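What follows is the residue order along each chain.
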Amino acid sequence: MLFLLFFIPNGRVIDREEIIQLWMAEGFLVPSSRQRGREVLMEDIGNEYFNELLSDSLFRSAENKADLANIQKCKLNDLVHYVARTVAGNAGCSTLRVNEVVSFSEIRRLHLVFDEDMPRRFPEVGIYKDRLRSLVALEVGDCDKIQNVFPNRNLRVLYSSGSTIQKVPALFSKLRHLRYLNLSGCSNLDVLDDQSVKNLYNLQTLVLNRCTTLSELPEGIGSMRSSRHLDISYTGIKVLPMSVTSLQNLRTLDVSNCTTFEGLPENVGALKDLRSLNLSHTGIKILPTSVTSLQNLRALNVSNCTNIGSLKDLRSLDISHTKVSRLPDSISGLERLMTLRLHSCPNLEDLPKGIEALKCI
């Protein structure tokens, strides 16, 4: 599994969630039923692997935290970085400049590197269009021939950050085996073609953070029934389409730092398996009451959400392991709140006025 990190430069900080999502897309994480007859999720298995790599010092923490489970950022140590790149070559992984790509016959996973002084374009795959499984191209910029990606019918991972594309072409619908799509930092992207996402039945992770021009998601996103992780942080999105509530497998939804974001769909409570909902630093003022139906929600970040008191039926609020610095005064309106968890909130300075009125705690 370490060889999947072959494209990461030595010394670069890597994110726990990103690594687990890539493992998942490659099929290395298989859900099991080994704990009391209940299914253990792929994400839980990935977290176990990640913690083991940390405990064995194969990963180095990039954070000053003692508890392994709380560490979200890490680095590869020098030896592991060397081994990962060495083993990667035997697993069909290659890091190549565009002019070095002659044949895809032996390549399964490609990290494409662009030279600063050379025209940027994606290489043609020719007769080897069914071989490639993963394509990583970081800081793509103004790159030509992006349509050359689409004949890769068996592509599972497409990590193409920092591109200047304005629209995701409808040809994306041909990538039906795609499980991980990262278009982060595509600041000119303002349209997701409805048809381009409708046929992405197997997509598990969609990352659109820092696509600052993007102002809406298409209704067709509701067809992505395998979606487990949706990151639209730092975008210009104002509302989510109603079809989002059809994503019954969704585990994490990150809308943080969408300063113009106005509200969640009224029936967001239909996302029964949602574990993490990040609404920090958004323009949202009121949470729909159906949020109280999110029984599997473990992390709710509502920093700068000034009216959570509208959740009259909320019985448990967990803001643990967040960077929340203050709680809104409207929390005193949560009349039925019985549990308030604030574990490991290092930035929390004090509790809001009126919290003593919560008699059920």
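Above this text sits the structure in question.
Residues numbered from 1 in each chain as written. Predicted model: local features only at pLDDT ≥ 70, side-chain atom pairs only at ≥ 80, totals over all residues. Heavy atoms only, no water.

**What to know about the nonpolar core**
Heads up, the condition is: Working definition of a nonpolar core: buried Ala, Val, Leu, Ile, Met, Phe, Trp, Tyr and Cys residues. They are joined through side-chain atoms within 4.5 Å. Relative accessible area decides the class of each residue, using a 1.4 Å probe on protein chains only: under 20% of the type maximum gives buried, over 50% gives exposed, and in between gives partly exposed. A contact between two residues is defined here by any heavy atoms of the two lying within 4.5 Å.
Leu 208, Leu 217, Leu 253, Phe 261 and Leu 264 are the most contacted members of the largest nonpolar core, which totals 62 residues. Those residues within four positions of Leu 217 in sequence are excluded, and the remaining contacts are Leu 192, Leu 208, Leu 230, Ile 232, Ile 237, Leu 240 and Pro 241. Ile 14, Ile 19, Phe 59 and Val 80 belong to the second-largest nonpolar core, a separate cluster that totals 18 residues.

**Digging into the environment of Phe 114**
So the rule is basically this: The helix count covers DSSP runs of H or I at least four residues long, the strand count covers runs of E at least two residues long, and both are numbered beginning at the N terminus.
With respect to the helices and strands, the residue Phe 114 is situated in the loop between strand S7 (109–113) and strand S8 (134–137). Expressed as a C-alpha distance, the spacing of Phe 114 and Leu 138, which sit 24 residues apart in the sequence, is 8.8 Å.

**Re the side chain of Ser 290**
Put simply, the test is: Polar contacts here mean pairs of N or O atoms no more than 3.5 Å apart (in protein, one a potential hydrogen donor and the other a potential acceptor; neighbouring residues in sequence count only if both atoms are side-chain atoms).
Mapped onto the elements of the fold, Ser 290 is located in the loop between strand S16 (276–278) and strand S17 (299–301). Judged by its relative accessible area of 16%, Ser 290 falls in the buried class. A polar atom in the side chain of Ser 290 sits 3.1 Å from the backbone nitrogen of Gly 269. Apart from residues lying up to four places away in sequence, Ser 290 is in contact with Glu 266, Asn 267, Val 268 and Gly 269.

**A word on the pattern of salt bridges**
Opposite charge on two side chains permits pairing when their charged atoms draw close. Filter applied, for reference: Salt-bridge detection follows one rule: a side-chain nitrogen of Lys or Arg within 4 Å of a carboxyl oxygen of Asp or Glu.
What the rule picks out here adds up to seven salt bridges. Between Lys 73 and Asp 15 there is a salt bridge, with its nearest N and O atoms 3.0 Å apart. Here Lys 73 is found in strand S5 (residues 73–76), whereas its partner Asp 15 is found in strand S1 (residues 14–15), with 58 residues between them in sequence. Its relative accessible area of 35% is what places Lys 73 among the partly exposed residues. For Glu 43, the salt bridge is made with Arg 228, and the minimal N-O distance between the two is 2.7 Å.

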